[in-house]
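Residues per chain are reported as follows:
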Amino acid sequence: MVDLLSTRWFAVDWGTSHMRVYAMDADDDVIARGTGPGMGEIAAGAGSRSKAFEEALLSALSRMMETDAVQTRDLPPVVMCGMVGSRQGWQEAGYLSTPQSLDTLHEKVIRVDTRHSGLQDVHIVPGISQSDPPDVMRGEETQLAGFVGQEAQFGLVSGRVCLPGTHSKWAVLERGTLRGFTTYLTGELFDLLSKRSILAHSVGSKTMDRDVFYETVRACAKGKLNLSEALFSIRAKGLLTGEDAAAARGRLSGLLI
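Every value quoted in this text rests on a predicted model; they were computed, and no experiment measured them.

**Student:** Explain helix H7 (residues 245–256) here, please?
**Tutor:** Given 3.6 residues per turn, any residue in an α-helix points the same way as the ones three and four places further on. For H7, spanning 12 residues, the distance from its first C-alpha to its last is 17 Å, which sits close to the expected 16 Å at 1.5 Å a residue. Along H7, 10 of the 12 residues are buried, which leaves the element largely enclosed by surrounding structure. At its buried positions, H7 is contacted by helix H4 (186–196), helix H5 (210–222) and helix H6 (227–241).

This is the structure in structure tokens:
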């Protein structure tokens, strides 16, 4: 149970599938964690969307403190990131444009309109967009700010960062500034192909042959590849050589990675 007196503020990472809540102390250390429904579940509900989001947040905070007192008292500030700031979320937070210095995100948060008298200091971090080629992110910009913020010399952080996930992001940082990024639907494609395509008959295993995975990644790195052709070859290989499902799953993952 979280001690509300020790909580300086709440950090909320609110995505499509999950809400993750962190109680932060005066040193910005996490002292408690909580969860709640994702944006997709709330947006699909009936009634006022903003009211539903506010009630979901209050419910998550109540569970963290194991009390309903949250409903009747003033709460610490709440800073949220992720899909909660999308057009389908609680309140649209818009996008900042690349290049974007990550150490100024806190200056550009938007204030959220709330009904609860004790929940007056609620903000959403905007996402970041890129015009050429077109791309967007929500939530990852805050993760990147946290990453570079761990460094004593914020402006010295440069390099390429991978943020794995259903929609993996590859971000290019230059002295603490996000210069550009690319999104890959790797995880979503794997889910769709392994469950809803003809490959479902070949990769129906919960285990993956790691040797086949690495072998496939290395083969892809050596030359050009027609992905659609290579994907169907997984099915053909299973029929002709009897390759097992774990190997086929490793091959599919290796091709998409």
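**Student:** Before we go on, may I ask you to explain the sheet that holds strand E6 (residues 100–101) in this structure?
**Tutor:** The strands that make up a sheet pair up through hydrogen bonds in the backbone, lying either parallel or antiparallel. If you walk across this open sheet you meet the 4 strands as E6-E13-E12-E11, and the pairing is antiparallel. Of all strands in the sheet, those with a lone pairing partner are E6 and strand E11 (159–163), marking the two edges. Sheet topology note: the E6/strand E13 (residues 177–184) ladder contains 2 bridges and is antiparallel. In the strand pairing of E13, Ser101 is matched with Thr177. Helix H3 (residues 140–149) rests against E11, strand E12 (168–174) and E13 of the sheet, and its axis sits at about 130° to E11.

**Student:** What am I meant to see in the nonpolar core here?
**Tutor:** Note on soluble globular proteins: their nonpolar side chains tend to be buried together. Formed by 28 residues in total, the largest nonpolar core has its most connected members in Trp14 and Met80. Contributing elements (two or more residues each) for this core: strand E1 (9–14), strand E2 (18–24), helix H1 (39–43), helix H2 (49–65), strand E4 (78–82) and strand E8 (122–124). Looking at this core, the element that brings in the most residues is H2, giving 8 residues. Counting residues in each nonpolar core, the second largest holds 15 residues, with Leu144, Ala171, Leu173 and Leu178 among its members.

**Student:** Sorry, what's going on with the pattern of salt bridges here?
**Tutor:** Opposite charge on two side chains permits them to pair, given that their charged atoms come into close proximity. A full pass over the atoms with the stated rule returns 5 salt bridges. Residue Arg87 is joined to Glu92 by a salt bridge in which the shortest nitrogen-to-oxygen separation is 3.7 Å. For Arg87, a relative accessible area of 61% puts it in the exposed group.

**Student:** Honestly, the sheet that holds E2 in this entry has me stumped. Any pointers?
**Tutor:** Ordered by their spatial adjacency, 6 strands build an open sheet running E3-E2-E1-E4-E8-E7, and the pairing between neighbours is mixed. With one partner strand each, in any of the chains shown, strand E3 (30–37) and strand E7 (110–111) form the two edges of the open sheet. Bridge count for E4 against E8 is 3 bridges, and the pairing is parallel. Residue Val78 lies in a different strand from E8, and its bridge partner there is Val122.

**Student:** Which parts of the structure should I look at to understand a nonpolar patch on the surface?
**Tutor:** Together, Leu185, Leu189 and Leu192 make up an exposed nonpolar region whose accessible area comes to about 230 Å². Mapped onto the secondary structure, Leu185 falls in the loop between E13 and H4. Classification of Leu185 as partly exposed rests on a relative accessible area of 44%.

**Student:** When you look at the packing of aromatic side chains in this model, what are you seeing that I'm missing?
**Tutor:** With the rule as written, the count across this model stands at 4 aromatic pairs. Arranged with centres 6.2 Å apart and planes meeting at 80°, the rings of Trp14 and Trp90 form a pair that is edge-to-face. Here Trp90 lies in the loop between E4 and strand E5 (95–97) and Trp14 lies in strand E1, a separation of 76 residues in the sequence. Grouping residues by exposure puts Trp14 and Trp90 together as buried. Arranged with centres 6.3 Å apart and planes meeting at 20°, the rings of Phe53 and Trp90 form a pair that is stacked. You can see Phe53 sitting in helix H2 and its partner Trp90 sitting in the loop between E4 and E5, a full 37 residues away along the chain. Among the residues examined, Trp90 registers a relative accessible area of 4% and is labelled buried. One aromatic cluster is present, built from ring pairs that chain together Trp14, Phe53 and Trp90. Residue placement shows Arg138 over the ring face of Tyr95; its charged tip is 4.3 Å from the ring centre.

Quick notes on the rules
Residues numbered from 1 in each chain as written. Predicted model: local features only at pLDDT ≥ 70, side-chain atom pairs only at ≥ 80, totals over all residues. Heavy atoms only, no water. Helix = DSSP H or I, 4+ residues; strand = E, 2+ residues; numbered from the N terminus. Expected span 1.5 Å × (residues − 1). Buried < 20%, exposed > 50% of the residue type's maximum accessible area, 1.4 Å probe, protein only. Contact = heavy atoms within 4.5 Å. Pairing = 2+ DSSP bridges. Axes fitted to C-alpha atoms, helices over the stretch in contact; angles between N-to-C directions. Core = buried A, V, L, I, M, F, W, Y, C linked by side-chain atoms within 4.5 Å. Salt bridge = Lys/Arg side-chain N within 4 Å of Asp/Glu carboxyl O. Patch = residues over 30% accessible without salt bridge, like charges linked within 9 Å, V, L, I, M, F, W, Y side chains within 5 Å. Areas by Shrake-Rupley, 256 points an atom, 1.4 Å probe, with all protein chains shown as cover. Phe/Tyr/Trp six-rings, centres within 6.5 Å; stacked < 30°, edge-to-face > 60°. Lys NZ or Arg CZ within 6 Å of the ring centre and 35° of its normal.

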